[in-house]
Amino acid sequence: MSNTKGRETLGFQTEVRQLLKLMIHSLYTNKEIFLRELISNASDAADRLRFEALAEPSLLSEDADLAIRVEYDKDARTLTVVDNGIGMSRDELIENLGTIARSGTADFLKQMTGDQQKDAQLIGQFGVGFYSSFIVADKVTVETRRAGLSDDKGVRWESDGQGEFSVETFVRSERGTAVTLHLKDDELEFCEPLRIENLIRRYSDHIAFPIALADSSKDDEEPDIVNAATALWTRPRSELSDNEYQEFYKHLSHDFADPLMWSHNRVEGKREYTSLLFIPSNAPFDLWNREAPRGLKLYVQRVYVMDDAEQFLPLYLRFVKGVIDSADLPLNISRELLQQHPELTSMRNALTRRVLDMLSKMATGSPDDYQKFWSAFGQVLKEGLVEDHKNKKKLAKLLRFATTRGGNDTQDQSLDDYIGRTAKDQDKIYYILADNYATAVASPHLESLEKKGIEVLLLTDRIDPWAVDNLAEYEGKSLQDVARVDLELPEGEGKITQDAINDEHKPLLKKIKKVLKERIEAVNVSRRLVDSPACVVAGADELNPQLRRMLEASGQAMPESKPILEVNIKHPLVTRLSAESDDARFTALSNIVLDHALLAEGSQLQNPADYVKRMNKLILELDSDASSG
Ligand code: ADP
C-alpha cells in the first residue's frame, strides 16, 4: 500500500444507513436487480464522458472505445462491473456514494412499514441504484479515476454497508470505474457465467454500449459481447419486444415496476427526432415535490446531452419518462439555450399531444390500466386544466370522478359517462366540492338532487376547485356547484324566484337574520334541502369554502366573507325555532343551526367554545324539562 495515501474512514449519511438496512431486507426476493443498476450506472458514466468530450476531446483520447465489462472470479468470489466512462474524483465519490441528494428522502423513509412486500414497492418507487450491491455482497470496493485527472488521482472506496466507508487515493492507470462485489457465501450464483449472461440479456440488452462478460482468471481470452449494444430507440418498433421496452424503461427511470404504456415514434421532415415516452404505473415518492427532477433524457444524434430536460413537456405531464433524440438541435445546447430554441415550442406541442393521445388510447383500450394511471396521476393531470387551455377538451375527456351514483370514492366515471345518464332537460353538470369523500356524500346540499335522481360529481382533491373553475363547461353543459346560492335545478322550482319563496316566511327569516347578522350574509328558505334542517351556501361570486380554507392554510390573508344560510322550512327543528318565543333561546337555537350547517360542510367554527357552551346549556335544559314534566 505504499502508493496509497490519505486513507479516511467516513460515516454514511443517516438516510443512506436507513436505506441500506431496509433495502437488504425488503428487496431480497429481487436481489438480482443489483446488476441492472450497476450496468445502468456504467452506461450513464459512458454517456456523460462522451458528452464532456464534445467540449474537450482529449478526455476520450487515451481510450476512445466506450465499453462495459462484467468480470467474475470464482476463486476470489467476486463480481466486478468495469466501465471506462467519466469516473469520479475523491470528492465526487464521497458525495455520490455516501449521501442521497434527493430532498424529501428522510420523510419518504419514514413511510416504511416493515412489511417486506409493501416496503419493496416503496423502495422501488425511490430507486436504489448502487446501494443495491449490498443485497448480495458483504463488502464492496469501488476503484475509480475521473476523466481528465492524472493517474495518481485514482480513488478507492470500500465498505461493508454497515455504517461506514473508507476512501483512499491510489495510482490507477485506467480512466473510469470498477465496482467489485465480494459476494456473500450464499450468493455465489453471481459468479456463474451462465447466470450472469442471462441477467445481462434479460435486463441490460438495450444498453447502447457493448457489455463483455469476462473470466478474470483468463486474461488472454477475448471476452464475448453479450448485448445488442445499439441505442434501443434507434431500432425499428417491429424488432423490439415488450420486454425490451420494459427493461429500457427501468434503466431510464430506476422504477421497479413495468410501465403501463409507451409510445415510440420517429418524426421526419422539417425537423427530425425520435421520441420514446413511457407512462409509469406508480407515482414516484417525490411527485409532489416541486424541485424533484422531471423531464426527458435528451440525446442529440445518439449522443447523450442531458437528463431531466423538462422543457419538452408541461409541468402537468411531469410523470412521463422517456428519451428524445434530436437530429437538429446543436450538440452543445445548454438548458437555457434549449428553453429559447425556436424548435422547442413545436416539439413540446407535438410531444404533449402524443402523451394525451396515448392516455386516450389507454382509457378506451385498457380501462383497467387507465384506472391505475388515474389513481397514481389523476390529480397531476387535472393541473392541465389550469395550465394548458389549448388541450382542455382532450383533458376533459380524460378526467375521472367519483359520483353520487357510485356508492364509493373510486374515481372511475368520465364526463361522457355522466352525460350519457342525464335526463334530456338537464343542461348542467352538477358537482360538490368537499375536503373528503365522507363529507361530500353526506352533504345536505345533495338532498333535493338525490330525491330528483340527479347525479352529482363528488370533488375532493386539492386541485379540484381550480380545475372546475377552469373547465367551466363540457359539451355545451356548464358546470354547477350545488353549494352556491344560485343553484338551479332542471324542471319546476327554477321558475319561482328565491324572493317569492322567502316572502312566505318573512318574519322568521328576518328574526334569524337579526340574531345572526354578525355571522351570515343572508338567510333564505332552502329549495335544496330534504332531510337536513339547514345548510350554508356561497354567494355566486364568492370563493368556495374549500379554496378559501386552502389559501388560508397556506398563509394568505383572505377578505372576510360570510356565508348565506339556508333553512329547510319543513324540518321539525326549523318549525320548533319558528315557534320559539323566548328570545335568548331563539338566539341560541339559531346559532346552533348555523354551527351545524358549517360543521356539515367541513368548515371549522370560528368560536368552538361558544358552540360547546350553547350545546351544554341546551342539553341541561332538556334534562330539567324532562324532570319537571
Ligand atoms: P443514481 O444512479 O440513481 O443517481 P446511484 O446511487 O446508483 O444513484 O449512484 C449515485 C451517483 O454515483 C450517480 O448519480 C453517479 O453520479 C455516481 N456513480 C455511480 N456509479 C458510477 C459509475 N460507474 N461511474 C461514474 N459515476 C458513478
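Below is a short write-up of the structure. (Residues numbered from 1 in each chain as written. Predicted model: local features only at pLDDT ≥ 70, side-chain atom pairs only at ≥ 80, totals over all residues. Heavy atoms only, no water.)

### What to know about the site of the ligand
Right, so step 1: Looking at the ligand, the residues that line it are Asn 41, Ala 45, Arg 48, Asp 83, Met 88, Asn 96, Leu 97, Gly 129, Phe 130, Thr 177 and His 254.
Right, so step 2: Interatomic distance of 2.7 Å between a backbone N/O atom of Phe 130 and an oxygen atom of the ligand.
Right, so step 3: One of the side-chain nitrogen or oxygen atoms of Thr 177 is found 3.4 Å away from a nitrogen atom of the ligand.
Right, so step 4: In the complex, 76% of the free accessible area of the ligand, which totals 530 Å², lies under the protein chains.
Right, so step 5: If you tally residues by element for the shell around the ligand, the top one is helix α2 (residues 33-55), at three residues.
Right, so step 6: Partitioned by chemical class, the residues of the shell around the ligand number four nonpolar, five polar and two charged. (Near = heavy atom within 4 Å. Polar contact = N/O pair within 3.5 Å; in protein donor to acceptor, adjacent residues only side chain to side chain. Areas by Shrake-Rupley, 256 points an atom, 1.4 Å probe, with all protein chains shown as cover. Helix = DSSP H or I, 4+ residues; strand = E, 2+ residues; numbered from the N terminus. Nonpolar A, V, L, I, M, F, W, Y, C, P; charged D, E, K, R; others polar.)

### Description of unusual backbone geometry
Right, so step 1: Even without glycine at this site, Arg 77 takes up a positive phi of about 55°.
Right, so step 2: Assignment of secondary structure puts Arg 77 in the loop between β2 (68-73) and β3 (78-83).
Right, so step 3: Even without being a glycine, His 254 presents a positive backbone phi close to 60°.
Right, so step 4: Among the secondary structure elements, His 254 is positioned in the loop between α8 (242-253) and β10 (261-267).

### A closer look at the sheet that holds strand β17 (residues 457-459)
Right, so step 1: Reading across from one edge, β15-β17-β16-β19-β18 is the order of the five strands in this open sheet, with mixed pairing throughout. With one partner strand each, in any of the chains shown, β15 (402-403) and β18 (473-474) form the two edges of the open sheet.
Right, so step 2: Alignment of strand β16 (residues 428-433) against strand β19 (residues 477-481), held across four bridges, turns out to be parallel. Looking at β19, one finds that Lys 428 is bridged to Ser 478. (Pairing = 2+ DSSP bridges.)

### Here's the deal with the nonpolar core
Right, so step 1: Counting 70 residues, the largest nonpolar core has Ile 279, Leu 298, Phe 312, Phe 319, Leu 359, Phe 373 and Leu 381 as its most contacted members.
Right, so step 2: Tallying contributions element by element places helix α10 (residues 344-365) first for this core, with nine residues.
Right, so step 3: Here this core spans two domains, since at least three of its residues come from each of domain 2 (259-364) and domain 3 (401-493).
Right, so step 4: Excluding residues that lie within four positions of it along the chain, Phe 319 makes contacts with Phe 278, Ile 279, Pro 280, Leu 359, Phe 373, Phe 377, Val 380 and Leu 381.
Right, so step 5: The next biggest cluster of nonpolar side chains, apart from the first, holds 66 residues, and it includes Val 70, Phe 108, Phe 165 and Ile 211. (Core = buried A, V, L, I, M, F, W, Y, C linked by side-chain atoms within 4.5 Å. Buried < 20%, exposed > 50% of the residue type's maximum accessible area, 1.4 Å probe, protein only. Domains from an automatic or database assignment. Contact = heavy atoms within 4.5 Å.)

### Examining the packing of aromatic side chains
Right, so step 1: Tallying each qualifying case throughout the model produces 21 aromatic pairs.
Right, so step 2: Pairing Phe 51 with Tyr 304 gives two aromatic rings, centres 6.4 Å apart and planes at 80°, and the pair type is edge-to-face. Here Phe 51, found in helix α2, pairs with Tyr 304, found in strand β13 (residues 303-309); they are 253 residues apart in sequence, far enough to count as distant.
Right, so step 3: Residue classification places Phe 51 among the partly exposed positions, given a relative accessible area of 27%.
Right, so step 4: On the basis of relative accessibility, which here comes to 7%, the residue Tyr 304 falls in the buried class.
Right, so step 5: Taking 4.8 Å as the distance between ring centres and 25° as the angle between the ring planes, the aromatic pair formed by Phe 319 and Phe 377 counts as stacked. Here Phe 319, found in the loop between β13 and β14 (321-326), pairs with Phe 377, found in helix α11 (residues 367-387); they are 58 residues apart in sequence, far enough to count as distant.
Right, so step 6: You can call Phe 377 buried: its relative accessible area is 1%.
Right, so step 7: A network of ring pairs unites the aromatic residues Phe 51, Trp 233, Tyr 245, Phe 248, Tyr 249, Trp 262, Phe 278, Tyr 299 and Tyr 304 as a single cluster.
Right, so step 8: Arg 36 extends its terminal NZ or CZ atom over the ring of Tyr 203, reaching a point 5.6 Å from the ring centre. (Phe/Tyr/Trp six-rings, centres within 6.5 Å; stacked < 30°, edge-to-face > 60°. Lys NZ or Arg CZ within 6 Å of the ring centre and 35° of its normal.)

### Here we look at empty space enclosed by the protein
Right, so step 1: Summed over all chains, the structure comprises four cavities of 30 Å³ or more.
Right, so step 2: Approximately 100 Å³ is the volume found for the second largest cavity.
Right, so step 3: Along its surface, the second largest cavity is lined by 13 residues, and Ile 432, Leu 433, Ala 483, Gln 546 and Glu 601 are the ones closest to its centre.
Right, so step 4: Contributing elements (two or more residues each) for the lining of the second largest cavity: β16 and α19 (545-553).
Right, so step 5: Its residues assigned to classes, the lining of the second largest cavity comprises six nonpolar, five polar and two charged.
Right, so step 6: When residues of the lining of the second largest cavity are assigned to domains, at least three map to each of domain 3 (401-493) and domain 4 (500-628). (1 Å grid on protein atoms, 1.4 Å probe; cavity = no way out; pocket = protein on both sides within 12 Å on 5 of 7 lines; lining within 4 Å. Points joined across faces, edges and corners; volume = space filled by probe spheres on them.)

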